[in-house]
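# Structure assessment
Residue strings, one per chain:
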Amino acid sequence: MIYAAVLGYGTVGSGVVEALGTNREKIAAAVGDEIAVKYVLDLREFPGDPAEKLLVHDFSVIEEDDSVQIVVETMGGVHPAYEFSLAALKKGKSVCTSNKALVAEKGCELMAAARENGCSYLFEASCGGGIPVIRALNTSLAGEKITEIAGILNGTTNYILTRMEKEHLNYPEVLADAQALGYAEKDPTADVEGHDACRKLAILTSLACGKRVEYTRIPTEGISGITQEDFRLAAAAGCRIRLLADAVIAEEQVEAVVAPFAVPENSFFYGINDVFNAVSVTGNVLGEAVFVGRGAGKLATASAVVGDVLDCAKNIGKTIPSFWAEEEPAMAEKDSLVFRFLVSIPETEKSKAEAVFGATEFFDAGTEGRLAFLTGEMQEQAFDRAFAELENARFLRARF
Ligand code: HSE
């Protein structure tokens, strides 16, 4: 019997306990031994819940129990999840987590602690919900030089954008529904302002380039300012709006961004709807591979954690390779990033747009009295300067 402990009995933690129970026989066959949850750590009580008799309120019970070899950390937040994870690793217990805030901030140190103590620190569920993209980066794609990672990495915002477009609803209405359905949190900032996608991009890019990408260095914009006029503008150019997280990894620097983009019909991301995520990984030998799946939700996320638990159970006493160095790569500044831009202007601004952007081809922006045009590739700084000349204009970055 291999014993595990679960820290945090919220949505994901309870999903892990449920999934380990549902697939107990399949898991035992895959591992060659049964995995049992011995403790659940939470400050709350859960009367009548199957986890009631496993509940402890003091982490030291888990830390000091040598029979516990795997710790599932689904607490969220950096503290005390960091202290508990580090203490578990120092005792040689492998840690599996869904906690992207902790991985983005302390992942390098926690992976090092795992290596020093003959155990593993795994975090498949921290990016892309149930999509096994981290395992792919660490195994099948470990021999590739990854040149780009691009994705829809946030299910909540993809759900909001999908419904805003299909039902012509405004952002606050759909956000309220997303909250009622449990996708968006009461304070939705991390999702809707792009912070969640930014941390996930930092984790994936760190793994891909082997150096610690500091999430605060990634220029990030969310979707809270997107309006129906933007959807009409995107549609006029044959596009949908998707919150993309994109990192181009070159020898000299990493160009990363999280922002809403107009994506055309021939883009893979155009067809990714609702809470689904998609991650495109480009390798120098492989070319492009795309991973798609549910990016949020109790059981999808639990599935990814359980995959990590199985890996740890099959590798007791060993460290499963997962690494990035403390050294940071050079990161491109926002002003130097290059995009195409889809711009909407009042008809009265047409001659100014011709003058400042050299725009020649205009089309109906989908809103009465407004025209649209698409720029060539240009740096953000140059775009901002020219855009500031136009009255009452709007824009979307475009991924043509
Ligand atoms: N809040 C995240 C999302 C799920 O909506 O994608 C957890 O990563």
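Starting afresh in each chain, residues are numbered from 1 along the sequence in its written order. Reporting in this predicted model follows two pLDDT cut-offs: at least 70 for local features of residues, and 80 or more for side-chain atom pairs to be given and counted; totals over whole chains, interfaces and linings ignore these cut-offs and use all residues. As a rule here, side-chain values come from all non-hydrogen atoms in the structure, and water together with hydrogens is ignored.

## A word on the site of the ligand
Inclusion rule: Only heavy atoms are used to decide nearness, and a residue is near a molecule or strand if one of them lies within 4 Å of it. Pairing of N or O atoms within 3.5 Å defines a polar contact, subject to two protein rules: one partner must be a possible hydrogen donor and the other a possible acceptor, and residues neighboring in sequence count only if both atoms are side-chain atoms. Only protein atoms enter the 1 Å grid used here. Points where a 1.4 Å probe fits but cannot escape make up a cavity, open sets with protein on both sides within 12 Å along at least five of seven lines make up a pocket, and a residue lines them when an atom lies within 4 Å of a point. More than half of a molecule's atoms within 2 Å of the grid points is what it takes for that molecule to sit in a cavity or pocket. We count a stretch as a helix when DSSP gives it H or I for four or more residues in a row; a strand needs E for two or more, and each element gets its number in order from the N terminus. Only Asp, Glu, Lys and Arg are considered charged in this grouping, and only Ala, Val, Leu, Ile, Met, Phe, Trp, Tyr, Cys and Pro are considered nonpolar; every other residue, Gly among them, is considered polar.
Around the ligand, the neighbouring residues are Lys 100, Asn 154, Gly 155, Thr 156, Asp 191, Asp 196, Lys 200, Gly 295 and Ala 296. Interatomic distance of 3.4 Å between a side-chain N/O atom of Asn 154 and an oxygen atom of the ligand. Between the ligand and Gly 155, the relevant distance is 2.7 Å, taken from an oxygen atom to a main-chain nitrogen or oxygen of the residue. More than half of the atoms belonging to the ligand lie within 2 Å of the grid points that define the largest pocket. For the shell around the ligand, the secondary-structure elements that each account for two or more residues are α7 (155-167) and α10 (195-209). For the shell around the ligand, a count of residues per class yields one nonpolar, four polar and four charged.

## Remarks on the domain arrangement of the protein
Worth spelling out the cut-off: For the domains described, the bounds stem from an automatic or database domain assignment. Contacts between residues were defined by any pair of non-hydrogen atoms, one from each residue, lying within 4.5 Å. Note on definitions: buried area is the accessible-area loss of two parts on being combined, 1.4 Å probe, summed for both. Here, a salt bridge means any side-chain nitrogen of Lys or Arg that lies within 4 Å of a carboxyl oxygen of Asp or Glu.
Domain annotation for the protein reports domain 1 (2-129 + 298-314), domain 2 (136-294) and domain 3 (334-398). A straight line from the C-alpha centre of domain 1 to that of domain 2 covers 27 Å. Facing the 12 residues of domain 1 at the interface are 10 residues of domain 2. Buried area between domain 1 and domain 2, summed over both chains or domains, comes out near 1000 Å², and the portion from carbon and sulfur atoms is 71%. Remark: the boundary between domain 1 and domain 2 carries one salt bridge.

## What about empty space enclosed by the protein?
What counts here: Grid points are joined across faces, edges and corners, and a volume is the space filled by probe spheres set on the points.
Throughout the structure, instances matching the rule amount to one cavity of 30 Å³ or more. Roughly 110 Å³ of internal volume is contained in the largest cavity. The dominant element in the lining of the largest cavity, judged by the number of residues it contributes, is helix α6 (residues 133-138), at three residues. Of the residues belonging to the lining of the largest cavity, the class tally is six nonpolar, three polar and four charged.

## Examining the pairing of strand β12 (residues 338-346)
Put simply, the rule is: We call a residue buried when its accessible area falls under 20% of the maximum for its residue type, exposed when it is over 50%, and partly exposed in between, using a 1.4 Å probe and counting protein chains only. For two strands to be treated as a pair, DSSP must find at least two bridges joining them.
Counting buried residues along β12, seven of its nine residues qualify, which places the element largely inside the surrounding structure. Relative to strand β15 (residues 378-379), β12 runs antiparallel, the two being bridged by two bridges. The partner of Phe 339 across the bridge, within β15, is Met 378. As paired elements, β12 and strand β16 (residues 394-398) share five bridges and run antiparallel to each other. Counterpart to Leu 342 in the pairing with β16 is Leu 396. With five bridges connecting them, β12 and strand β14 (residues 370-374) associate as antiparallel partners. Of the residues in β14, the one forming a bridge with Pro 346 is Arg 370.

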